[in-house]
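Each chain, letter by letter, is given below.
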Amino acid sequence: GMAKRSAAMPSPSAFPTGTKAHGLHALFFLVLVLPWGCSPRPSAFEIVDYRNAGDAKRYRETFDEAYYDLDNQGNVNIVLRRSGGRSDAGESEVTQIVRIRSVWRPVPGKTGSHATQINATVSYYVVGGRIGDTFEGAGSVFFTQNRGKDTLSGTLDRAVLRPKRQLAPGEPLFARAELSGEFRAARDRRQVVHIMNEADRLFGPLP
């Protein structure tokens, strides 16, 4: 069975009052719902918000859509999408998209002695109502393709993301966030292109 637990709502004093940030954060926490004990395990990511020094906040999000595609050079495109919940004004649902672009073989990071390899660029989109923020950064992704070459399973390790683009003025959802998680994606080039076209229509193509 599936028991759902909502993420705890923060105290209003945790965020600046009278700014876009307060409404956004309230919306974001309402959207986060955590399924427990379900099989097969959905793709799930943890977001650590470092807005306030010494007060990191953690949220867990599940994505019911996950697709990937491999190009001729061996680069991997993974996209995950989740739609659900309502914006604070209630007029539209919130859509979240994660895009991970990686080389098939992990390449060594700049710190040679460290086991972590920075081998992926990561983009995170949050859109709903009057909200539209994108966050971009880099992290370490590890994955394996199944024997039938139609499913990709893997993990993303602590990708550091910073705000890049916004559809409306105001404070972004996160000043700096870390995204980690695990995914299980189906090979479907058409869906990868469709979801990324959807994001590009909203924000313009990625640099």
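For the structure, check the block above.
So, here is what we can say about the structure in this document. This structure is a prediction, so every number in the text was calculated from the model and none was measured.

The next thing to look at is the overall build of the chain. Scanning the chain for helices and strands turns up 2 helices and 11 strands. In the chain, the succession of α and β elements from N to C terminus is β-α-β-β-β-β-β-β-β-β-β-β-α. Among the 207 residues that make up the chain, the fraction classed as buried is 45%. Considering only residue pairs separated by 6 or more positions, the chain has 60% of its internal contacts joining residues 24 or more positions apart. Carbon and sulfur atoms make up 51% of the accessible area of the chain, which amounts to about 10,800 Å² in all.

With that settled, consider the environment of Ile100. Summarising the element assignment, Ile100 is placed in strand β7 (residues 93–103). For Ile100, a relative accessible area of 0% corresponds to the buried category. As for Ile100 and Leu156, which are separated by 56 residues in sequence, their C-alpha atoms are 8.7 Å apart. Filtering out sequence-adjacent residues up to four positions away, Ile100 remains in contact with Phe45, Val76, Asn77, Ile78, Leu80, Ala120, Thr121, Val122, Val141, Leu156 and Phe183.

Next up on the list: the environment of Gly154. Looking at where Gly154 falls in the secondary structure, it is placed in strand β10 (residues 151–166). Here Gly154 falls in the buried class, since its relative accessible area comes to 14%. Separated by 111 residues in sequence, Gly154 and Ser43 have C-alpha atoms that sit 9.5 Å apart. Apart from the residues within four sequence positions on either side, Gly154 is in contact with Phe142, Phe143, Gly181, Glu182 and Phe183.

Attention now moves to the packing of aromatic side chains. Evaluated as defined, the whole model comprises 4 aromatic pairs. When the centroid spacing of 5.7 Å and the interplanar angle of 45 degrees are considered together, the rings of Tyr125 and Phe203 count as tilted. In this pair, Tyr125 sits in strand β8 (residues 120–128) while Phe203 sits in helix α2 (residues 189–203), placing the two residues 78 residues apart along the sequence. Accessibility classification places Tyr125 together with Phe203 in one group, the buried group. Each ring, one from Phe135 and one from Phe174, has its centre 5.4 Å from the other, and the planes form 55 degrees; the classification is tilted. On the criterion of sequence distance, the pair formed by Phe135 in strand β9 (residues 131–145) and Phe174 in the loop between β10 and β11 (177–187) is long-range, its members being 39 residues apart. What makes Phe135 buried here is its relative accessible area of 1%. Phe174 sits in the buried class, given a relative accessible area of 1%. An aromatic cluster is built from Tyr124, Phe135 and Phe174, whose rings are joined through pairwise contacts. Its guanidinium or amino end placed over the ring of Tyr50, Arg176 lies 4.3 Å from that ring's centre, counting from NZ or CZ.

All right, on to the pairing of β7 then. Taken across its 11 residues, β7 has 8 buried, putting it largely inside the fold. Note: β7 against β8, 8 bridges, orientation antiparallel. Of the residues in β8, the one forming a bridge with Val98 is Tyr124.

Rules and cut-offs
- Residues numbered from 1 in each chain as written.
- Predicted model: local features only at pLDDT ≥ 70, side-chain atom pairs only at ≥ 80, totals over all residues.
- Heavy atoms only, no water.
- Helix = DSSP H or I, 4+ residues; strand = E, 2+ residues; numbered from the N terminus.
- Buried < 20%, exposed > 50% of the residue type's maximum accessible area, 1.4 Å probe, protein only.
- Contact = heavy atoms within 4.5 Å.
- Areas by Shrake-Rupley, 256 points an atom, 1.4 Å probe, with all protein chains shown as cover.
- Phe/Tyr/Trp six-rings, centres within 6.5 Å; stacked < 30°, edge-to-face > 60°.
- Lys NZ or Arg CZ within 6 Å of the ring centre and 35° of its normal.
- Pairing = 2+ DSSP bridges.

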